[in-house]
Every structure is written in C-alpha cells, then in structure tokens.
Amino acid sequence: MEKSTNIDFYMDHLGDFGSYQLRQFLLNLMSAFTAGLHMMVLVTVAAVPEYKCLIPELESESNITNWIVAPKFNNDSCQAINTYNQTVNCEKWIFNETYYGTTRATQWNMICDNRWMGSLAQMSYMFGVFTGSVVLGSLADKFGRKKIFCISAVAQLFLSIGVAFLNNYWIFIAATYVYGIFGSSGSYISGFVLTMELVGPSKRSVCGILFQTTFASGIMAVAAWGYFIRDTFLLQIIYGLHSLILIPHFWLIDESPRWLWGQGRKEEAIKIIQRALKTNNKTMPILLEKEQMVSLNNDEPVKESNQNRSYSIIDLFKTPNLRNNTINVCLYWFAASFGYYGISLRTGNLPGNPYFMLFVMAAVEIPSYIFVTLSMDRMGRRFLSSSMMIVGGTALLISAFFPSGNFFLFLDFCILRY
C-alpha cells in the first residue's frame, strides 16, 4: 500500500450508489420527514380559528352574566357596540370550531391585541432552527455526524412531546426555541451530510432533491393528522411520536467514513468501507493487515495536518470568487426561504379547509422536484435557479392583487410553491 492512498481511493471502490448507500440513504431520509413535520406543527396546534366578539347582556336581577355575540365593528371582531351603544374592546370571544377544536391560540387568546403571541411562538421556533443549523452543524464537524444525529433525535422526541404539557406561555416560548434547535436542524442536517459524504458525485444531486421531497411529505403528514385530530394536546403528542422512527438509527446507521478519515481514525473508516463493500457485493474487498493499519495511521503527519485542517465560515470570504458565490447563495436562500415559509405559515388564511390547503401546498412541491431532477443536468443550475426565482417572485407580486378568499389567490400560491 502506498502512503499517498487517501479516502477517495477506497470510496471509488465502493461505487456511487450501491445497496449499502441505498440502505443508509433511506435511514437518513427519515430525518427529513420529521424535520418537515416539526417545522409546520404550529400551523395546526397554534392555528387561529375564525372568532366573534362576545359582550354581556343588559344587567338583570340575577348575578349571572349572559354573553351574546356582538356584530362586527368596522369589520373587526376586536371591538363591538355594547347594549349601551358604546364602543368597547372585546374581552371574550367565541371561536368557530368547524375546522379546529382547541388550539394554543384559543387557549391564550392569541388574537386582537395579542396577535403578537402567535408570531412570537413561530419566530421562537424558527430562531431555534437557525441556532441549530449553526451550532449543531459545527458540533457535527467536531464530534461526528452520527453522534449529533442520535443526540438530536432523542432531544427531538422528548421536546416535541414535552411542549404538549406546557400551559405557561413564556415557558412554552422558551421550550419552543429549544424544540426548534433539535426538531428541524440536528438530525436533518447530520443526515443530509452523512448522505452527501457517502454517495458518489453522480447521485448527490438526486439524493439532495429527495431530501426536500421527503421534507414536503412531512408537511403533508401535519395536514393529515390535523384533519383527524382536533385536540391540540393529543395532536402535539402524535406529532412528537413520529420522532421514534429515528431512535433505532443509533444501531442502524454508520458514521461517515470521510469524517473518520479526516479525524485520523482511519482504521474505523476502513472497517465501515469493508462492510459496505461486502453489502454491495464488490469483488475487490480491501484487506488490511495489522502492520498496514499502523502504517496507515502514521502517514506523513505534516501532509495530513495540511489536508485535514479544519475550516470555518471565515474561509468562505477569503477569496473574491468564493466570497461572491457565498453571498449570492446566501441571498438566494434568504429570498427563497422568505417566500416559502411566508406562504406555508399563512395557509390558514386561504379559503376552504385549512388542512386541505396545507396538504396541497406541500403536494405541489413533488412535481417540481421531479421536474428539477429531470431538467437540472440539461438546463443547468444557474438557469433553473434564476428562472424559478423570477416565476415565483412574479406569482407573489400578482397575489397582492387578488382579494382574500379568492380561488385564484390559492392557485397563485400553488405556482409560487412549485
């Protein structure tokens, strides 16, 4: 064996996508499903149903106050004209239970002057996702992809179930932030990286797109469960139990051979590759004697330290070309995420059954992923990205001219999601 042998030499023998990669990919793909599901949980458990203002009737001889529905004042249910013909702020409401039973919004009256409470809850979760992306991504580089994946899976399970038992708003906000860190970041990012580092170059784009497709299926599951379960407490528990599918990964998935190699744990990396070769029925297994392992682990330290030195975000801005590409990609993702989640989190305002709307909004993504998969290599990444952003931005601008409740507004939103 030559001292110049590196990890790519062994990964090339493994092939781009054999039975072993398929098995590991399908296991990692489950993290995308739970990430999509947890990302949209608040759309149902904290949904704001239609509501009407209640005002007390004229005082009677009894001490019992009767509440009656007041007509809307200036097309608003936050103020009303009372029985004395006075304009008053509503203090009590009745909620439409056609689509929702109990929700966090009805529990804490997240309406009128308290609308900020619902926005803060969703912002808390999304800020948790941001924190998890930065922190857990760095920890995965330091401690390993599998370790962060498994820790995040356990935390995701307990947090997603635990928030169902919280009845204090501010504790709920704090827990939701931590929930966001592990709910849609930890296992998802680690699983994605594990896949990208395992499959060959020719399959990475397809595998990445399938991750997004599975993410959309998680959103569809949110809509499906929300349709059948109208109790917020039970619904949150059911959502949380989905994370159980990630717990067996502790025994089923392998650490990234590339990460192990970069950490100097080459013997462990070789053992995983040997097992993968056997699973893929390769006829050229890698057989290493103990002496060869010692030699491999003691390869030129100067050269290895240069090849495997760690990099940080700062390195993305050191050269002009890399800096420009990094800024463009960041701006692209900011705009795409802004439109994507801005639409997704407001599906309850569209006309019709909110669960059906959310389901369709997620379902329309699937044909778009199929289209991208088939056309990406023919049209190129840059053309597809720019053209899709133009079409999506145009659809978003057009939607501003449709009145609320218009069917064409829904159709326009579907085009934007596509």
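Coordinates for the structure precede this section.
Residues numbered from 1 in each chain as written. Predicted model: local features only at pLDDT ≥ 70, side-chain atom pairs only at ≥ 80, totals over all residues. Heavy atoms only, no water.

Draft legend 1. Structural context of the overall build of the chain. Counting secondary structure elements, the chain contains 19 helices and five strands. Here the chain holds 418 residues, and the buried ones make up 44% of them. Taking as baseline every contact in the chain between residues at least 6 positions apart, the subset at least 24 positions apart corresponds to 74%. For the chain, the accessible surface area stands at approximately 22800 Å², while carbon and sulfur atoms represent 63% of it. (Helix = DSSP H or I, 4+ residues; strand = E, 2+ residues; numbered from the N terminus. Buried < 20%, exposed > 50% of the residue type's maximum accessible area, 1.4 Å probe, protein only. Contact = heavy atoms within 4.5 Å. Areas by Shrake-Rupley, 256 points an atom, 1.4 Å probe, with all protein chains shown as cover.)

Draft legend 2. Focus on helix α16 (residues 354–363). The buried fraction of α16 amounts to seven of the 10 residues, a majority that puts the element mostly inside the structure. Inspection of α16 places Pro354, Tyr355, Met357, Leu358, Val360, Met361 and Ala362 among the buried residues, and these make up the whole buried set. Put simply, asparagine 353 is the residue that caps the front of α16, since its side-chain oxygen is 2.9 Å from the backbone nitrogen of tyrosine 355. (Polar contact = N/O pair within 3.5 Å; in protein donor to acceptor, adjacent residues only side chain to side chain.)

Draft legend 3. Up close: the environment of glutamate 197. Along the chain, glutamate 197 turns up in helix α7 (residues 169–198). In this structure glutamate 197 comes out as buried when scored by relative accessible area, which is 16%. Separated by 59 residues in sequence, glutamate 197 and serine 256 place their C-alpha atoms 6.7 Å apart. In contact with glutamate 197, not counting residues within four places along its chain, are Met11, Arg145, Ser256, Arg258 and Trp259.

Draft legend 4. Summary view of the environment of glutamine 79. Summarising the element assignment, glutamine 79 is placed in strand β3 (residues 79–81). Sequence separation of glutamine 79 and cysteine 112 is 33 residues, and the distance between their C-alpha atoms is 9.0 Å.

Draft legend 5. A look at the side chain of lysine 146. Position of lysine 146 relative to the elements: it lies in helix α6 (residues 145–162). Buried lysine 146, no salt bridge; nearest opposite-charge side chain is aspartate 254, N-O distance 5.3 Å. Residues in contact with lysine 146, not counting those within four places in the same chain, are Leu194, His249, Phe250, Ile253, Asp254 and Glu255. (Lys, Arg positive; Asp, Glu negative; His and termini not counted. Salt bridge = Lys/Arg side-chain N within 4 Å of Asp/Glu carboxyl O.)

Draft legend 6. Here's a closer look at the side chain of glutamine 156. Along the chain, glutamine 156 turns up in helix α6. For glutamine 156, a relative accessible area of 1% translates into the label buried. Here the side chain of glutamine 156 touches glycine 183 through a polar contact of 3.3 Å, landing on its backbone oxygen. Leaving out residues up to four positions away in the same chain, glutamine 156 has contacts with Thr34, His38, Phe182, Gly183, Ser187, Ser243 and Leu246.

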